Amino acid sequence: MSEHLDVIVVGAGISGIGAGRYLRTMLPGKTFAILEGRAASGGTWDLFRYPGIRSDSDLHTFGYEFKPWRDEESIATAPRILAYLRETATENGLDAHIRYHHRVRGARWSTAEARWSVDVERADTGERVRLTAGWLFCAGGYYRYDEGYTPHFEGRDRFPGPIVHPQQWPGDLDHAGKRVVVIGSGATAVTLVPALAATAAHVTMLQRTPSYVMPVAKKDPVARVLRRWLGEERGYRATRRKNIAQQRAIWRFCRRFPKAARRLIRWVNAKQLPAGYPVDEHFNPPYGPWDQRLCAVPDGDLFRAIRRGTATVVTDRVTTFTERGVLLASGRELAADVIVTATGLQVQAMAGLSLAVDGVPVRLPDTVAYKGMMLSGVPNLAFAIGYTNSSWTLKIGLLCEHFCRILAHMDAAGADVCRPELSDPAMPTRPFLDFAAGYVQRVVDQLPRAGDRMPWRTSMDYHSDVKLLRAGRVDDPELRFTRSDATVAA
C-alpha cells in the first residue's frame, strides 16, 4: 500500500517552505509532505557556496509577507537568508513535514482514482518509493540544481589551472593572491568580482555583452526609521509596501521611457567609476533597461573594486583558452591562474519531472499556463514561478494563497478534480516568460505557453496579481471542478 497524502510539495526551498506554511495555516486539516532531493532545506541559498553569494532583491520583499525580516541588511548574504528560511520552517512546524533525500522522478495522474502516483528515489539509499496524492505542488524553482550552464570553450583542456562554475564552487578553492578571470556579466559575475577582489591578486570580469548595473544600499535607512516608529510588525509591512511601490515605479519608468532610463543609469555608473572610464564600452548594453534583469551591487562594491584597481572589466569574445589564460577575439590574452565560468543557469520547468495524465505524457510546450500556476489539461497540479522583474517571493506568496483557496473551494463543493481547460483552443499564445535573458531564450521552446488574455496571460505585476489571486474569485469558467467516479462510489 502506498502512503496517501492530500498534497505533495516538491522542493524545500523558499517556495516549498512558503507553500507548507500556507497549507498549515489556511488548511490545517490537510495532510502533506515536502519532498526534498538534497540533504538540506533552503534550495538556492543552501546550494550556492561561491564567495559573496547574496540576494539581488531586498529582503523586505524577497522575504515572506507573514514573517518580518529583522536583519539590518536588506540586501543580505546567503547564510542570513538560509537562517531566515530555516527559522520560518521551524516556527511553522514544517520540519516534521520535510523528507530529505526524496528525489521525485515522475508522477502519473489517474482520472479514475483522482490522484497522482508519485515515484520517488531515495538519494541516500537508492530505494524506490511510491506515494499517492490528491495534489502535486511543484516548488522546485526554475533551474537544474545538479548542473549550471557552461558553453563550449575552445582549448579548455589546455588551461592548467582550475576552471570553476559558481554552481559547483569547491570549498577548498584558494584564490588568494592569484589572477582570476570571471567570464560573465550577470548577477553572479557582479557578485563574485568584488568578493574575489578582496584577496585575489587581480580579478578580470570578461563579458561578451555589458549588463545594466546599479548600486543599491545594503541597509535600508527608511526601514530602520519605520521599525523604530511603528514597531517590528507594522514597520515591516510599511517597508514592504514602500519597496513594492519602488520596484514597480522603477520597472515602469524603464519600460515606458527606456532612453531616459538608459541615460540615468549611465550617469549613475559614470559617477561611480574613475574619471575618463570608458562607460559606454563596458556598462552600456545594446538592449533596453529591463529587457533583462538589472544587476544590483550593494553599496556599489563592484565599482569600488574597479576604482581601487583590484578589478577590471573587459568587453570582448573568447577565442580559446590557452596555457596562460584566455585569448580574446581582439588578439589580447588575459593571464589567469583561475577561470570562473559565471555563464548562467540551465532552466528546467517542473523540477525536471516526467508527468503523465491517464497514460499520456505531458508535453509542456503543448500546454498553456493558467494564472501562471497551473497547466491546461493537467488536473490537480500547481507550480510556483516568481517574478522576473521584482522579488521572486512576492508572487510565490500570492500563488500559495490562491492554491489553498482552490483546495478549500473544492472541499466546499465536494469536488476532487480541478482542471484548467481552454474555452478557446485557437487563442494566440506567446512565451510563458517574455524575457530576453539568455538562460530563458535557450529553453523557451521547452516551456509551457502563455495566452494573450487573462487568466492565461503570465502576469508580472504584483498589484494586478493581488486582484487576480487574492481578491479574485476561485471559480472560473476556464477552471473545471468535478467529482470523480471513485468519490461518487465512496
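Residues numbered from 1 in each chain as written. Predicted model: local features only at pLDDT ≥ 70, side-chain atom pairs only at ≥ 80, totals over all residues. Heavy atoms only, no water.

*Asks:* Report on the layout of surface pockets, specifying residues and quantitative values.
*Replies:* In this structure, the second largest pocket occupies an estimated 720 Å³ of space. What lines the second largest pocket is a set of 32 residues, and nearest its centre among them are V216, Q246, Q247, I250 and A296. Among the elements that take part in the lining of the second largest pocket, helix α7 (residues 232-256) stands out by supplying 8 residues, more than any other. The residue makeup of the lining of the second largest pocket, split by class, is 18 nonpolar, 8 polar and 6 charged. (1 Å grid on protein atoms, 1.4 Å probe; cavity = no way out; pocket = protein on both sides within 12 Å on 5 of 7 lines; lining within 4 Å. Points joined across faces, edges and corners; volume = space filled by probe spheres on them. Helix = DSSP H or I, 4+ residues; strand = E, 2+ residues; numbered from the N terminus. Nonpolar A, V, L, I, M, F, W, Y, C, P; charged D, E, K, R; others polar.)

*Asks:* Lay out the sheet that holds strand β15 (residues 333-335) in plain terms, naming residues and giving numbers.
*Replies:* Strand order in the open sheet formed by 3 strands is β13-β14-β15, and the pairing between neighbours is antiparallel. Whereas interior strands pair on both sides, the edge strands pair on one side only; in this sheet they are β13 (318-321) and β15. When strand polarity is set aside, the average angle formed by the axes of neighbouring strands in this sheet is 25°. Summarising the sheet, β13 and strand β14 (residues 325-328) pair through 3 bridges and their orientation is antiparallel. Pairing of V318 across the sheet is with L328, part of β14. (Pairing = 2+ DSSP bridges. Axes fitted to C-alpha atoms, helices over the stretch in contact; angles between N-to-C directions.)

*Asks:* Please give an account of the environment of P289 that cites residues and values.
*Replies:* Inspection of the secondary structure puts P289 in the loop between α9 (279-283) and β11 (295-298). For P289 and L355, which are 66 residues apart along the polypeptide, the C-alpha to C-alpha distance reads 37 Å.

*Asks:* If you had to explain the environment of P166 to someone new, which residues and values would you point to?
*Replies:* Relative to the elements of secondary structure, P166 occurs in the loop between β7 (163-164) and β8 (179-183). Separated by 22 residues in the primary sequence, P166 and R144 place their C-alpha atoms 13 Å from one another. Residues contacting P166, with those up to four places away along its chain left out, are F48, Y50, T188, L192, V340, T341 and A342. (Contact = heavy atoms within 4.5 Å.)

*Asks:* Describe the sheet that holds strand β16 (residues 338-341), and please don't skip the residues or the numbers.
*Replies:* In space, the 5 strands of this open sheet follow the order β7-β16-β8-β9-β12, with parallel pairing throughout. Either end of the sheet is taken by a strand with one partner, and the two such strands are β7 and β12 (311-315). Pairing geometry for β8 and β16, over 4 bridges, is parallel. Residue pairing across strands places V182 opposite V340, the latter belonging to β16. Relative to strand β9 (residues 202-207), helix α5 (residues 187-197) is tilted by about 165°, and along the sheet it contacts β8, β9, β12 and β16.

*Asks:* Summarise unusual backbone geometry; cite the residues concerned and give the values.
*Replies:* For the bond from M454 to P455, the omega torsion is 5°, close enough to zero to count as cis. Within the element layout of this structure, P455 appears in the loop between β24 (449-451) and α13 (462-471). The residue M350 is not glycine, and still its phi comes out positive at about 55°. With respect to the helices, strands and loops of the structure, M350 is situated in the loop between β16 and β17 (354-357). Assessed through its relative accessible area of 7%, M350 is described here as buried. Notably, N380 is not glycine yet its phi reads approximately 50°, a positive angle. Note on placement: N380 falls in the loop between β20 (374-375) and β21 (381-383). (Buried < 20%, exposed > 50% of the residue type's maximum accessible area, 1.4 Å probe, protein only.)

*Asks:* Before we move on, could you go through the packing of aromatic side chains and cite the residues and values that matter?
*Replies:* Evaluation of the coordinates by the stated rule reveals 20 aromatic pairs. On the basis of an interplanar angle of 55° and a centroid distance of 5.9 Å, the ring pair of F48 and Y143 is categorised as tilted. Residue F48 is located in the loop between α2 (44-47) and α3 (59-62), and its partner Y143 is located in the loop between β6 (128-138) and β7; the two are separated by 95 residues in the primary sequence. Take F48 and Y143: they sit in the same class, and that class is buried. Between the aromatic rings of Y212 and Y287, the centroid separation amounts to 5.6 Å while the plane-to-plane angle is 80°, which identifies the pairing as edge-to-face. (Phe/Tyr/Trp six-rings, centres within 6.5 Å; stacked < 30°, edge-to-face > 60°.)

*Asks:* Summarise the packing of α5 against helix α10 (residues 301-308); cite the residues concerned and give the values.
*Replies:* Relative to each other, α5 and α10 sit at 45°, their axes nearing to 9 Å. Judged by the inter-axis angle, α5 sits oblique to α10. Considering how the two elements wind past one another, α5 and α10 form a crossing that is left-handed. Facing α5, whose interface residues are V190, V193, P194 and A197, α10 presents D301, L302 and A305. Here the residues of the contact of α5 with α10 are counted per class, giving 6 nonpolar, no polar and 1 charged. (Parallel < 35°, antiparallel > 145°, perpendicular 65-115°, else oblique. Left-handed = near helix turned anticlockwise from the far one by under 90°.)

*Asks:* Any chance you could break down the pattern of salt bridges for me, citing the residues and the numbers?
*Replies:* By the definition in use, this model includes 34 salt bridges. The residue R266 makes a salt bridge to D280 at a minimum N-O spacing of 2.7 Å. Of this pair, R266 sits in helix α8 (residues 258-272) while D280 sits in helix α9, and the two are 14 residues apart along the sequence. Note on R266: relative accessible area 33%, which makes it partly exposed. The partly exposed category is assigned to D280, whose relative accessible area is 41%. (Salt bridge = Lys/Arg side-chain N within 4 Å of Asp/Glu carboxyl O.)

*Asks:* With reference to specific residues and values, describe the nonpolar core.
*Replies:* Core analysis: the largest hydrophobic core is formed by 126 residues, its most contacted members being W135, L136, F137, F283 and F403. With 11 residues, helix α11 (residues 392-413) is the largest single contributor of residues to this core. Counting residues in hydrophobic clusters, the runner-up holds 12 residues, among them V181, V314, V326 and L334. (Core = buried A, V, L, I, M, F, W, Y, C linked by side-chain atoms within 4.5 Å.)

*Asks:* Let's hear about the side chain of K30: which residues, and what values?
*Replies:* Inspection of the secondary structure puts K30 in the loop between α1 (14-26) and β2 (32-35). Looking at K30, its side chain comes within polar contact range of the side chain of D411, at 3.0 Å. Dropping the residues within four chain positions of it, K30 is found in contact with D6, L407 and D411. (Polar contact = N/O pair within 3.5 Å; in protein donor to acceptor, adjacent residues only side chain to side chain.)

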